[in-house]
Structure formats: structure tokens, C-alpha cells
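Summary of the model geometry
Below are the chains, spelled out letter by letter.
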Amino acid sequence: MITVLVSKTFQKQFKKIPIYDSKYILEKIQFFCNGNKNIDIKKLNPKHLNYYRLRSGKYRIIFYYSDLKEITLLKIDKRDSIYFNV
């Protein structure tokens, strides 16, 4: 099982998401933390950083993969605006 840390930015952005979308997002995060490999995760460029994105409907979650047992959720936003200032 993976330990999840949450940044203040992620918390602020998550509060603005409608409740019907936030439930689905939490399910996706839980699937990932339980080791489910059938979710859409991609490594972000540049390749030397451990930044990844998790796709959840129209939302994208940017997280930092520090090691195999811990991730830090950094940002969440809609697809068209998440990739600025990562």
C-alpha cells in the first residue's frame, strides 16, 4: 500500500471541484494506492523529475512519486489548465 501526502495547493483546488466529480477522483486515487495498474498514469517531461499525472475524467492530478511507498499529490485541475506552471 502506498502512503499519500497532500499539498496545500491540492487541498485548495480539490475543494473547488463539484462533489460528483470529487467522489470519482477519490476512487481513482484509491485504486492507484491499492496497486491497481488499469488506470491512466503518465510520466511528465522532463524525464529526470519524478512528476506524473493521473487522469480522472476531465481532471488531471499531478503528483510526485518519491519512492515506491509514497506519493505527494501536488495539483488538480481541468485538463486544459493543469499543465501551466507544473
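We now turn to the structure provided with this report. (Residues numbered from 1 in each chain as written. Predicted model: local features only at pLDDT ≥ 70, side-chain atom pairs only at ≥ 80, totals over all residues. Heavy atoms only, no water.)

Here the focus is the nonpolar core. Residues Phe10, Ile25, Ile29, Ile61, Phe63, Leu73 and Ile76 are the most contacted members of the largest nonpolar core, which totals 17 residues. Where this core is concerned, the elements lending two or more residues are helix H1 (8-15), helix H2 (19-33), strand S3 (51-56), strand S4 (59-67) and strand S5 (70-78). (Core = buried A, V, L, I, M, F, W, Y, C linked by side-chain atoms within 4.5 Å. Buried < 20%, exposed > 50% of the residue type's maximum accessible area, 1.4 Å probe, protein only. Helix = DSSP H or I, 4+ residues; strand = E, 2+ residues; numbered from the N terminus.)

Together, Lys8, Lys12, Lys15 and Lys16 line one region of the surface with positive charge. Locating Lys16 in the fold gives a position in the loop between H1 and H2. (Patch = residues over 30% accessible without salt bridge, like charges linked within 9 Å, V, L, I, M, F, W, Y side chains within 5 Å. Areas by Shrake-Rupley, 256 points an atom, 1.4 Å probe, with all protein chains shown as cover. Salt bridge = Lys/Arg side-chain N within 4 Å of Asp/Glu carboxyl O. Lys, Arg positive; Asp, Glu negative; His and termini not counted. Charge placed at Lys NZ, Arg CZ, Asp CG, Glu CD.)

Here we take up H2. Here H2 contains 15 residues, and its C-alpha end-to-end distance of 21 Å stays within 8% of the 21 Å for a straight helix at 1.5 Å per residue. Positive backbone phi, at 90°, marks Gly35, one or two positions downstream of H2. (Expected span 1.5 Å × (residues − 1).)

Cis geometry marks the peptide bond from Asn45 to Pro46, where omega comes out at -5°. Tracing the backbone through its elements, the reader meets Pro46 in the loop between strand S2 (41-43) and S3.

All right, on to the side chain of Arg60 then. Within the element layout of this structure, Arg60 appears in strand S4. Of the buried charged residues, Arg60 lacks a salt bridge, with Asp40 as the closest side chain of opposite charge at 6.4 Å. Of note is the side chain of Arg60, whose polar atom sits 2.8 Å from the backbone oxygen of Gly57. Aside from chain neighbours lying at most four places away, what touches Arg60 is Arg53, Leu54, Arg55, Lys75, Ile76, Asp77, Arg79, Ile82 and Tyr83. (Polar contact = N/O pair within 3.5 Å; in protein donor to acceptor, adjacent residues only side chain to side chain. Contact = heavy atoms within 4.5 Å.)

What follows concerns the pairing of S4. Across six bridges, S3 lies against S4 in antiparallel orientation. Residue pairing across strands places Leu54 opposite Ile61, the latter belonging to S4. Count of turn residues in the S3/S4 antiparallel hairpin: two residues, of which Gly57 carries a positive phi of about 65°. Note that S4 and S5 share eight bridges and pair antiparallel. Among the inter-strand pairings, Ile61 is bridged to a residue of S5, identified as Ile76. From the end of S4 to the start of S5, which pair antiparallel, there are two residues. (Pairing = 2+ DSSP bridges.)

Right, let's talk about the pattern of salt bridges for a bit. Where side chains of opposite charge bring their charged atoms close, a pairing between them can arise. Evaluated as defined, the whole model comprises two salt bridges. For Arg53, the salt bridge identified is with Asp40, shortest N-O distance 3.5 Å. Taken as a pair, Arg53 in strand S3 and Asp40 in the loop between H2 and S2 lie far apart in primary sequence, 13 residues in all. Between Asp40 and Arg55 there is a salt bridge whose closest N-O contact spans 2.7 Å. Of this pair, Asp40 sits in the loop between H2 and S2 while Arg55 sits in strand S3, and the two are 15 residues apart along the sequence. Judged by its relative accessible area of 22%, Asp40 falls in the partly exposed class. Among the charged side chains, a salt-bridge network with shared partners connects Asp40, Arg53 and Arg55.

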